[in-house]
Amino acid sequence: MVKSSLSTSLHIMALLAIYTEGWRTSTKIAASININPVLVRQELRKLKNAGLIESKEGKHGGVRLAKSAQNILLSDIFEVVKEKKHVLDFRSDSPSKSCRVGNKINSVLDNLYNDIDVAVIEKLQDITLESFKNNF
């Protein structure tokens, strides 16, 4: 779900922006978030694939920002977490095609959800990771 992944990824990125010395392990990050390190590693994989963080394996390994927090926008993080989904989600069951509303609800919601996604991205484009981390 986008909302929990976004809060997890923002927490991770804020930690990395604050603690710039050395490498942070998924275990240390998970302790701060109070979740299982496996969940942290899932988010780290996405952030690494997007080029926002880099990783180093081994005893003294971990993750760190791949670029300055000043050059990372919260919209960049949101896009990674969002993937191709909407911020809001559709019901998992299919609506009735014989119903006037059910027949069109998903296409109408898709248009609305696209507008919501754009509004969220526009808001987050105004906030750098650097300014976000300064709240802590």
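This text follows the structure it describes.
Read on for a plain summary of the structure. Keep in mind it's a predicted model, so treat the numbers as computed, not measured.

So, how was this worked out
- Residues numbered from 1 in each chain as written.
- Predicted model: local features only at pLDDT ≥ 70, side-chain atom pairs only at ≥ 80, totals over all residues.
- Heavy atoms only, no water.
- Buried < 20%, exposed > 50% of the residue type's maximum accessible area, 1.4 Å probe, protein only.
- Helix = DSSP H or I, 4+ residues; strand = E, 2+ residues; numbered from the N terminus.
- Salt bridge = Lys/Arg side-chain N within 4 Å of Asp/Glu carboxyl O.
- Phe/Tyr/Trp six-rings, centres within 6.5 Å; stacked < 30°, edge-to-face > 60°.
- Lys NZ or Arg CZ within 6 Å of the ring centre and 35° of its normal.
- Core = buried A, V, L, I, M, F, W, Y, C linked by side-chain atoms within 4.5 Å.
- Contact = heavy atoms within 4.5 Å.

## Brief notes about helix H4 (residues 74–82)
Taken across its nine residues, H4 has seven buried, putting it largely inside the fold. Of the residues making up H4, those classed as buried are Leu 74, Ser 75, Ile 77, Phe 78, Val 80, Val 81 and Lys 82. In the segment just after H4, Glu 83 is the residue with positive phi, at about 55°.

## Thoughts on the environment of Ser 4
By the element assignment, Ser 4 lies in helix H1 (residues 2–18). Here Ser 4 falls in the partly exposed class, since its relative accessible area comes to 40%. Sequence separation of Ser 4 and Val 81 is 77 residues, and the distance between their C-alpha atoms is 9.4 Å.

## Some points on the pattern of salt bridges
This model, assessed by the stated rule, comprises four salt bridges. A salt bridge links Glu 43 to Lys 46, with the shortest nitrogen-to-oxygen separation between them at 3.4 Å. Linking Glu 43 with Lys 46, this pair stays in helix H3 (residues 37–49), spanning three residues, or about one helical turn. Residue classification places Glu 43 among the buried residues on the basis of a relative accessible area of 5%. Here Arg 64 ties to Glu 54 by a salt bridge, and the two come within 2.6 Å at their closest N and O atoms. Here Glu 54 lies in strand E1 (residues 53–56) and Arg 64 lies in strand E2 (residues 62–65), a separation of ten residues in the sequence.

## Re the packing of aromatic side chains
Taken as a whole and judged by the stated rule, the model has one aromatic pair. When the ring centre of Tyr 19 is taken as reference, the NZ or CZ atom of Arg 24 above it lies at 4.6 Å.

## Observations regarding the nonpolar core
In this structure, Met 13, Ile 29, Leu 65, Ile 77 and Leu 129 are the most contacted members of the largest nonpolar core, which totals 29 residues. Residue assignment for this core shows that the elements contributing at least two residues are H1, helix H2 (26–33), H3, E2, H4, helix H5 (105–124) and helix H6 (129–133). Per-element accounting of this core gives the leading share, eight residues, to H1. Those residues in contact with Leu 65 that lie beyond four places of it in its chain are Met 13, Leu 16, Ala 17, Leu 52, Ile 53, Glu 54, Ile 72 and Leu 129.

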